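Below are the chains, spelled out letter by letter.
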Amino acid sequence: MSFFYARFFIIWACWLLFADKSRWKEIVPVCVLASSLGLIADQIVDSYIPYWEYYGSEPEIVINLIDEFEVNPIATYLFIQWLPQKQTFFRMFSYWFAWTALAITIEHIHVITGHMAHYHGWTLWHSYISDWILFCIFHQYHKILQLDKLSK
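To keep things clear, this report deals only with the structure shown in the data block. As the structure is a prediction and not an experimental result, all values here were calculated from the model.

1. Quick word on the packing of aromatic side chains
Part 1 of the reasoning: According to the stated counting rule, one finds 21 aromatic pairs in the structure shown.
Part 2 of the reasoning: On the numbers, 5.6 Å between centres and 85° between planes, the contact of Phe 8 with Phe 9 is edge-to-face.
Part 3 of the reasoning: With centroids separated by 6.4 Å and ring planes inclined at 65°, the aromatic side chains of Phe 18 and Trp 82 adopt a geometry described as edge-to-face. Of this pair, Phe 18 sits in helix α1 (residues 3-18) while Trp 82 sits in the loop between α3 (60-81) and α4 (89-112); the two residues are 64 residues apart in sequence, bridging distant segments of the chain.
Part 4 of the reasoning: Using a relative accessible area of 46% as the deciding quantity, one classes Phe 18 as partly exposed.
Part 5 of the reasoning: By the ring-pair criterion, three or more aromatic residues cluster together here, those being Phe 18, Phe 79, Trp 82, Tyr 95, Trp 99, Phe 135 and Phe 138.

What follows is the structure, given as structure tokens:
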């Protein structure tokens, strides 16, 4: 089994085992945002300046679709689902640190196994900073959606 298909099955198995499926109406809109941002970023990178590229035995479109409909929505779903109830600065910082560490570790595995490469000065540090920004966006979007629900 290829790297990306194996990753696909592992990540969806994590969702099946750990996701609180009763919260899907609350969390899926944030997952759609995550996948949309991923698709937009990949289109910009593929079309203009290639900062990163995935490599595998699968066609490029399959790798991109697996990435956008597996890692982005599943990680986002679980990230939102497990947000700390009491959101103090320390708890949120620790929570985001754990999630960004996980994300950058997964990307590092891709790089060292030859399934991903960085170009034009892009590094794991750029990805790490981007992960912090993305998790912040997902958290804020979720808060906005929750406030919108409360106001109705």
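2. With respect to the side chain of His 110
Part 1 of the reasoning: By secondary structure assignment, the location of His 110 is in helix α4.
Part 2 of the reasoning: Among the polar contacts listed, one links the side chain of His 110 to the backbone oxygen of Ile 106, at a separation of 2.7 Å.

3. Re the nonpolar core
Part 1 of the reasoning: Within the largest apolar cluster, 19 residues are counted, with the highest numbers of intra-cluster contacts made by Phe 79, Ile 80 and Phe 138.
Part 2 of the reasoning: Taken together, the elements giving at least two residues each to this core come down to α1, α2 (24-47), α3, α4 and α5 (124-151).
Part 3 of the reasoning: By size, the runner-up hydrophobic cluster in this structure holds 8 residues, among which are Tyr 54, Ile 66, Met 116 and Trp 122.

Conventions adopted
- Residues numbered from 1 in each chain as written.
- Predicted model: local features only at pLDDT ≥ 70, side-chain atom pairs only at ≥ 80, totals over all residues.
- Heavy atoms only, no water.
- Phe/Tyr/Trp six-rings, centres within 6.5 Å; stacked < 30°, edge-to-face > 60°.
- Helix = DSSP H or I, 4+ residues; strand = E, 2+ residues; numbered from the N terminus.
- Buried < 20%, exposed > 50% of the residue type's maximum accessible area, 1.4 Å probe, protein only.
- Polar contact = N/O pair within 3.5 Å; in protein donor to acceptor, adjacent residues only side chain to side chain.
- Core = buried A, V, L, I, M, F, W, Y, C linked by side-chain atoms within 4.5 Å.

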